[in-house]
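Coordinate inspection notes
Chain residues, written in single-letter form:
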Amino acid sequence: DSLLTGAGTMVAFTMTVPWYPTINYEFNKRSYSSHSFSKLSASADYQIVWGIKSDGTLWFCAVENTYFNVAIPSIDADAEWHQYGTDTDWTDISSGRQCFGAIKGGAYYFIGRNNRYQEGNGSSSSRTNWILANNSLTWVQCALGEAHTVLRTSTGEVYTCGDNGSYATAQGTTSGYTTVLTRED
């Protein structure tokens, strides 16, 4: 389709549509509000970004809500930033292929597809909303990979869970799953 001329609205999404060289960075530019994020994490498979602002609040920007249909109402999958809850103690966030992990108040939270035990508590159920996955230690950092999770405690210990492929969980094996958070070997 050619660019609209005159009255009307044209909507563009980054999907498998052809690229038009006449559309530059000014196209579809709209008003914006000022945000001050300290952490951002984008999904590898879904069109969603979660971010933590400098005030410790959690925000999301999405154009779809697959796997997140409880956390993100369909009306908010509008490519605009929306605050999630009112808590101000979110400190770290990371994304795996189809999931996210976050640290809130020293506890580990999880949302998304959990088919490789990335949540770390023995469950492989997908989560459509943030769930407290572990608060047995004081967690300060999380890192999610293709199909595994790595967490660091306030004392520097590292725990892993998920798919053991390519020694990803540091448990000395390349097969099976580490279903619960386990201190690295």
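Check the entry above for the structure.
The rules behind these values
Residues numbered from 1 in each chain as written. Predicted model: local features only at pLDDT ≥ 70, side-chain atom pairs only at ≥ 80, totals over all residues. Heavy atoms only, no water. Pairing = 2+ DSSP bridges. Helix = DSSP H or I, 4+ residues; strand = E, 2+ residues; numbered from the N terminus. Axes fitted to C-alpha atoms, helices over the stretch in contact; angles between N-to-C directions. Core = buried A, V, L, I, M, F, W, Y, C linked by side-chain atoms within 4.5 Å. Buried < 20%, exposed > 50% of the residue type's maximum accessible area, 1.4 Å probe, protein only. Contact = heavy atoms within 4.5 Å.

Glancing now at the sheet that holds strand β3 (residues 58-62). Across the sheet, four strands lie side by side as β1-β2-β3-β4; this open sheet has antiparallel pairing. Edge positions in the sheet fall to β1 (37-42) and β4 (81-84), since each of these pairs with one other strand and no more. Put simply, the sheet's adjacent strands are angled 25° from each other on average, direction ignored. Direction of pairing for strand β2 (residues 48-53) relative to β3: antiparallel, over a ladder of five bridges. Looking at β3, one finds that Val 49 is bridged to Cys 61.

With that settled, consider the sheet that holds strand β10 (residues 148-153). Spatially, the four strands line up as an open sheet ordered β9-β10-β11-β12, and their pairing is antiparallel. Looking at the sheet topology across the chains shown, the edges are occupied by β9 (139-144) and β12 (177-183). For this sheet, the mean angle separating the axes of adjacent strands, direction not counted, is 10°. Where β10 and strand β11 (residues 158-163) come together, five bridges link them in antiparallel fashion. Residue pairing for β11: Leu 151 is matched across the bridge by Tyr 159.

One recurring pattern in soluble globular proteins: nonpolar side chains tend to sit buried together. One finds Ile 48, Trp 50, Leu 58, Ile 72, Tyr 84, Trp 90 and Trp 130 to be the most contacted residues of the largest nonpolar core, which totals 19 residues. When residues of this core are traced back to their parent elements, those giving at least two are β2, β3, β5 (90-95), β6 (99-104) and β7 (107-112). In contact with Ile 48, other than residues within four places in its own chain, are Ser 41, Ala 42, Ser 43, Cys 61, Ala 62, Phe 68, Ile 72 and Phe 100. Judged by nonpolar contacts, the second largest core, of twelve residues, contains Ile 103, Tyr 108, Trp 139 and Leu 151.

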